[in-house]
Amino acid sequence: MKKLNNKIIISILLFLLIPIGLLGFIIYKSQNEKNPNKNIANIENELKNEKRINIALFGLDKRNEKEKSRSDSIMIASIDLEKKTINLVSLLRDTLVEIDGHGKDKLNHAYAYGGSNLALETINSNFDLDIDKYVSVDFYSLAKVIDIVGGIDIEVKEYEVDQINSNLVEINKIENLKENTDYIKEGGIKTLNGRQAVAYSRIRKKGNGDYERTQRQRNVLKGILKKYEKQSSDNKFKTNMEIIGQISTNIPVSYIKELGAKISSDKEFKVNQYMIPYEGSFETVTYKNMWCIEANMKANIKKLKEYTD
């Protein structure tokens, strides 16, 4: 178990959720809210009766507007309102699972095949869960948010420099820019612009593989949050508007507002971070010419229940 700063994790969750509640009128048309007329009193009663809320969080890897998104980052935020804990569980994207209509494949491919509905169904059927709430954010498009707040400060390790520049080649090609645009010369504390931050968050071949990659993605979110808190009211509104464009969810706006207020007002919440499959419960294999993780699903389902039930 790895513990992170409680304030940081809670703030990141609220950073993704609260703008939806604050600007709910903008996105009502795009929501699949089952009960749009449910009032705040009903939502408050619902939250009082719920002991635990599980929300699937998807970070999407989308290189251009036409590309179908794979879920580059997959997490479950399990919020225990009674015990005042938030378990943030990362599901490794390369885990081999059964995807309805597509057979055995990597977990992150489910989102590309069938969007949030199939992604949720795949998580539930393979890990014996019943999650019905999700939030997805296009990390690639968050580059715009990063530029709005003036870039983010990241400690770039020397072995990450070449990987950032290599990823920038692809980004520059998509945006019709010169190959070496925004190249980084050396490591250290750097203020990364949006494009550089995306290149940083996509590093995978150096360091501790996918484990360190998820840490980089959290570093980017923390960097955005830190800069966001220093913005003027006008710039915060502009940032919120941009975040709205990158977030999709099936959670009612009123529900998000009440849940966000409940978490942010309660200083006793503790945050734990876990990983599934857990260390020692899987092996790496090659399946259909893909590098994959083959897990002991029975053991991991049992472990995941400890974090989400």
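An account of the accompanying structure is given in this report. (Residues numbered from 1 in each chain as written. Predicted model: local features only at pLDDT ≥ 70, side-chain atom pairs only at ≥ 80, totals over all residues. Heavy atoms only, no water.)

Brief notes about the packing of helix α6 (residues 158–174) against helix α7 (residues 194–201)
Alright, step 1. Where α6 meets α7, the axes come as close as 8 Å, and the angle between the chain directions of the two elements is 115°. Classified by chirality, the crossing of α7 by α6 is right-handed. Contact residues: E160, I164, N167, L168, I171 and N172 in α6; R195, Q196, V198, A199 and Y200 in α7.
Alright, step 2. Residue classes in the contact of α6 with α7 are distributed as 6 nonpolar, 3 polar and 2 charged. (Axes fitted to C-alpha atoms, helices over the stretch in contact; angles between N-to-C directions. Helix = DSSP H or I, 4+ residues; strand = E, 2+ residues; numbered from the N terminus. Left-handed = near helix turned anticlockwise from the far one by under 90°. Contact = heavy atoms within 4.5 Å. Nonpolar A, V, L, I, M, F, W, Y, C, P; charged D, E, K, R; others polar.)

Considerations on the packing of aromatic side chains
Alright, step 1. This structure, assessed with the given rule, holds 3 aromatic pairs.
Alright, step 2. With centroids separated by 6.5 Å and ring planes inclined at 50°, the aromatic side chains of F58 and Y134 adopt a geometry described as tilted. Of this pair, F58 sits in strand β1 (residues 52–61) while Y134 sits in strand β6 (residues 133–138), and the two are 76 residues apart along the sequence.
Alright, step 3. A relative accessible area of 2% means that F58 is categorised as buried.
Alright, step 4. Taking relative accessible area as the criterion, Y134 reaches 5% and is therefore assigned buried.
Alright, step 5. One aromatic cluster is present, built from ring pairs that chain together F58, Y111 and Y134.
Alright, step 6. Taking the ring centre of Y287 as reference, the NZ or CZ of K104 above it sits at 5.8 Å.
Alright, step 7. The ring of Y278 is capped by K303, whose NZ or CZ atom sits 5.5 Å from the centre of that ring. (Phe/Tyr/Trp six-rings, centres within 6.5 Å; stacked < 30°, edge-to-face > 60°. Buried < 20%, exposed > 50% of the residue type's maximum accessible area, 1.4 Å probe, protein only. Lys NZ or Arg CZ within 6 Å of the ring centre and 35° of its normal.)

Topic: the side chain of T95
Alright, step 1. Here T95 is to be found in the loop between β3 (85–91) and β4 (96–99).
Alright, step 2. Under the relative-accessibility criterion, T95 is labelled buried at 0%.
Alright, step 3. A distance of 2.8 Å separates the side chain of T95 from the backbone oxygen of L92, its partner in a polar contact. (Polar contact = N/O pair within 3.5 Å; in protein donor to acceptor, adjacent residues only side chain to side chain.)

Re the sheet that holds β3
Alright, step 1. Strand order in the open sheet formed by 6 strands is β9-β6-β1-β2-β3-β10, with mixed pairing between adjacent strands. If you trace the sheet from one side to the other, it starts and ends with β9 (247–249) and β10 (270–276), each paired once. This sheet shows a mean twist of 20° between the axes of neighbouring strands, independent of strand direction.
Alright, step 2. Contacting β1, β2 (70–80), β3 and β10, helix α11 (residues 297–308) runs over the sheet at an angle of about 165° to β10. (Pairing = 2+ DSSP bridges.)

What to know about helix α4 (residues 109–127)
One turn of an α-helix holds 3.6 residues; hence residues three or four places apart share an orientation.
Alright, step 1. With 19 residues, α4 extends only 16 Å from end C-alpha to end C-alpha; this falls clearly short of the ideal 27 Å at 1.5 Å per step.
Alright, step 2. Remark: the principal bend of α4, roughly 135°, maps to G115.
Alright, step 3. Directly after α4, the chain includes D128, whose backbone phi takes a positive value near 55°. (Expected span 1.5 Å × (residues − 1). Bend = angle between axes of the 7 residues up to and from the residue.)

Section: the nonpolar core
Alright, step 1. Counting 41 residues, the largest nonpolar core has I55, I79, I164 and L259 as the members making the most contacts within it.
Alright, step 2. One finds L118, I123, I131 and Y274 within the second-largest nonpolar core, a separate group that totals 24 residues. (Core = buried A, V, L, I, M, F, W, Y, C linked by side-chain atoms within 4.5 Å.)

Looking at unusual backbone geometry
Alright, step 1. Note that the residue after I276, namely P277, is joined by a cis bond; omega there is 0°.
Alright, step 2. Locating P277 in the fold gives a position in the loop between β10 and β11 (282–287).
Alright, step 3. Phi is positive for N176, which is not a glycine, with a value near 55°.
Alright, step 4. For K288, which is not glycine, the phi torsion reads 50° and is therefore positive.

A few points about the environment of L107
Alright, step 1. Position of L107 relative to the elements: it lies in the loop between β5 (103–106) and α4.
Alright, step 2. Setting aside its immediate chain neighbours within four residues, L107 contacts S71, I74, L91, L92, R93, T95, V97, T122, I123 and F127.

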